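# Coordinate inspection notes
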Amino acid sequence: MSVHEQYADDLALHALGALRGEELVVLQKHLQTCGECSRELEQLRGDTALIGVSVTGAHPPDRSRKRLLEAIAGEPRHSPVHTRRPAWGWLGWAVAAAAIVLAAISWRQNAGLQRSLAESSHEQAREMAELQRARRVVAALTSTDAMHVTLVHANTPPQPQGRTIYSPHQGTLIFVANNMPALPAQKAYELWLIPMQGAPLPAGVFKPDTHGNVSLIAPPMPNGTQAKAFAITVEPEAGSPAPTSPVMMVGTGE
Amino acid sequence: MTIGRKVQSALSLCSVIFTEKGNDLPDTGVKGALSDGGLVAAIRAGDQSAMAALYDRYSGIVYAVALRVLGDSAAAEDILQEVFLSFWRRSEAFDAHRGNLGPWLTVVTRNRAIDRLRKQRPETDIEGVVLLTDHDWAQESDRARLLERVRRTLSGLPAAQKSALEMAYFEGLSHTEIAAKTGEPLGTIKARIRTGLAALRKAFAT
């Protein structure tokens, strides 16, 4: 096996537990990153087992076997296998009694589990209802056939209006608008998040539909970004990293 | 007494009854023919007779190693119990894909015995013992051949090399302790141990 030669002696010592101090620390650090040396160490441990074989010949006293078997009989594993049926009739009653007690315990545990399950189901149903409600909201906001109607004072000529819904904690930004004027060729609107400090951050490029409506779910914003205001400018279709035209619409937090 | 403790008592009673009923229990005749892998699978399923078969197969090696390290039969017997009981409780610690059971038990035993010798709390958790080896000691005839071959190989080593290996393995001495004890340079001790292990590997490479 190919190992790092400078560690070969120490690997042999370590396999025997004979390496101590700084040399052991250095080797252990190396082993954390060297698969070949780690494998060699495991093989060397296998080699050391051969030294142990050289002393076979002594035999443990018979009582050791009995002692061990009694100990493991007191510690049954998952599904003990008994290959012979006990001859004593009353033994069946003892087993049956134990089974009844076990059944009682199981019933109690089962009842507890049922309660937990019912609580979990209730919680899950509540969360599903909230999720479905959220989906309906988003679907309505972003649907292409959704009517966006803004009620204004009678006799007021139609005005562009937009609304942002922004959660700094989640970094989620939704923008809906209506009555947006048609754009010149090769131009698009760009939404800007104006932070408490610093330059405006691009929050999405969009074009209104033929009715002047917009539904935009902006790309995720950096979490925790606090907004002082939002603004819209007209930019090239691909968008701009910074506003290049006068602010067309603006709104501050309510 | 809680219901849980009553159940435990009832099950303990059943266990005692099963044990006393079969003074010759467990019957390892069939299990004794299983491979190590078969025994381990049966033990993981809770088969006590498989554990008995495993004991019959490897208790000699385990006890002999512990006795050689500790030089005390009662202490060796304690180690023997610890090793097999630990295996019964956590046989999952043994990874059959990485080696055979006999060498693994031997290394676990030796490490536990060294811990006892150095009067340390047992530091060797069986789950921390990882080794790779191709040697299969499941058959009695294999073990006899292995013993003969190991003894021949070790006796063929230079005396100082064999002594360094045995001081590290059976006495749990560090290389600095061996150097101090023998008056040899550290580098010499390191080289002797490395070449000694290499000789053992080479002898069993074919």
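Residues numbered from 1 in each chain as written. Chains lettered and ligands numbered in written order. Predicted model: local features only at pLDDT ≥ 70, side-chain atom pairs only at ≥ 80, totals over all residues.

## Points about the overall build of chain A
- Within chain A, the secondary structure is distributed over 5 helices and 7 strands.
- Reading chain A from its N terminus to its C terminus gives the helix and strand order α-α-α-α-α-β-β-β-β-β-β-β.
- Here the analysis covers contacts within chain A between residues at least 6 apart in sequence; of these, 59% occur between residues at least 24 apart. (Helix = DSSP H or I, 4+ residues; strand = E, 2+ residues; numbered from the N terminus. Contact = placed C-beta atoms within 7 Å.)

## Re the overall build of chain B
- Within chain B, the secondary structure is distributed over 9 helices and 0 strands.
- Each helix and strand of chain B, ordered N terminal to C terminal, gives the series α-α-α-α-α-α-α-α-α.
- The buried share among the 206 residues of chain B stands at 42%.
- Considering only contacts within chain B whose residues lie at least 6 apart along the sequence, 60% involve residues at least 24 apart. (Buried ≥ 20, exposed ≤ 12 C-beta atoms within 10 Å, placed from the backbone.)

## Quick word on the nonpolar core
- Grouped together as the largest cluster of nonpolar side chains are 69 residues, with contacts concentrated most on Val-62, Ala-66, Ala-168 and Ile-193 of chain B.
- No other element matches helix α3 (residues 48–70) of chain B, which puts 16 residues into this core.
- For Val-62 of chain B, the contacting residues outside a window of four places in its chain are Leu-80, Val-83, Leu-105 and Thr-109 of chain B.
- Counting residues in hydrophobic clusters, the runner-up holds 17 residues, among them Met-180, Ala-203, Met-221 and Ile-232 of chain A. (Core = buried A, V, L, I, M, F, W, Y, C linked by C-beta atoms within 7 Å.)

## Description of the sheet that holds strand β4 (residues 201–206) of chain A
Residue and element names in this part refer to chain A.
- The strand order β4-β3-β6-β7 describes an open sheet built from 4 strands, whose pairing is antiparallel. The open sheet terminates on both sides in strands that have one partner only, identified here as β4 and β7 (249–252). Along the sheet, successive strands turn relative to each other by an average axial angle of 20°, direction set aside.
- In the sheet, strand β3 (residues 187–195) pairs with β4 via 4 bridges, with the strands oriented antiparallel. Residue pairing for β4: Leu-193 is matched across the bridge by Leu-201. (Pairing = 2+ DSSP bridges. Axes fitted to C-alpha atoms, helices over the stretch in contact; angles between N-to-C directions.)

## Notes on the packing of helix α1 (residues 8–15) of chain A against helix α3 (residues 35–53) of chain A
Residue and element names in this part refer to chain A.
- Following both chains from N to C, one finds α1 and α3 inclined at 50°, their axes separated by 8 Å at the closest point. The orientation of α1 with respect to α3, classified from their angle, is oblique. Between α1 and α3 lies a crossing whose hand is right-handed. Here Leu-11, Ala-12, His-14 and Ala-15 of α1 lie close against α3, whose contacting residues are Cys-37, Glu-40, Leu-41, Leu-44, Arg-45 and Thr-48.
- Classifying every residue of the contact of α1 with α3 gives 6 nonpolar, 2 polar and 2 charged. (Parallel < 35°, antiparallel > 145°, perpendicular 65-115°, else oblique. Left-handed = near helix turned anticlockwise from the far one by under 90°. Nonpolar A, V, L, I, M, F, W, Y, C, P; charged D, E, K, R; others polar.)

## Notes on the pairing of strand β6 (residues 227–236) of chain A
Residues and elements named next belong to chain A.
- Two elements, β3 and β6, share 9 bridges in a ladder whose sense is antiparallel. Residue pairing across strands places Ala-188 opposite Glu-235, the latter belonging to β6.
- As paired strands, β6 and β7 are joined by 4 bridges and run antiparallel to one another. When the sheet's bridge partners are listed, Ala-231 is paired in β7 with Val-250.

## Thoughts on the sheet that holds strand β5 (residues 214–217) of chain A
Residues and elements named next belong to chain A.
- Overall, antiparallel pairing links the 3 strands, which are arranged β1-β2-β5 in an open sheet. Across the chains shown, the open sheet's two edge strands, defined by having one partner strand only, are β1 (161–167) and β5. Averaged over all pairs of adjacent strands, the angle between strand axes in this sheet comes to 10°, irrespective of strand direction.
- Two strands pair when backbone bridges link them, and β1 and strand β2 (residues 172–178) are joined in this way by 7 bridges, in the antiparallel orientation. Its bridge partner being in β2, Ser-167 is matched across the sheet by Thr-172.

## Description of the confidence of the model for chain B
Residue and element names in this part refer to chain B.
- Per-residue confidence for chain B gives a mean pLDDT of 80; residues scoring 70 or more make up 73%.
- Element-level pLDDT for chain B is lowest in helix α1 (residues 3–21), with a mean of 36, against a maximum mean of 95 in helix α7 (residues 159–171).
- Interface confidence in the predicted complex, given as ipTM, is 0.75; pTM for the same model is 0.53. (pLDDT = per-residue confidence, 0-100.)

## Structural notes on α1 of chain A
- Counting buried positions along α1 of chain A yields 7 of 8 residues, so the element is predominantly enclosed.
- Residues of α1 of chain A that are buried: Asp-9, Asp-10, Leu-11, Ala-12, Leu-13, His-14 and Ala-15 of chain A.
- For α1 of chain A, the elements touching its buried residues are α2 (21–31) and α3 of chain A together with α8 (175–182) and α9 (186–203) of chain B.

## Looking at the packing of helix α2 (residues 36–44) of chain B against α3 of chain B
Residues and elements named next belong to chain B.
- Running from N to C, α2 and α3 point in directions that differ by 140°, and their axes come no closer than 7 Å. Our classification of the angle between α2 and α3 gives oblique. In terms of crossing hand, the pair formed by α2 and α3 is left-handed. Across the interface between the two elements, Leu-39, Ala-42 and Ile-43 from α2 touch Ala-50, Met-51, Ala-53 and Leu-54 from α3.

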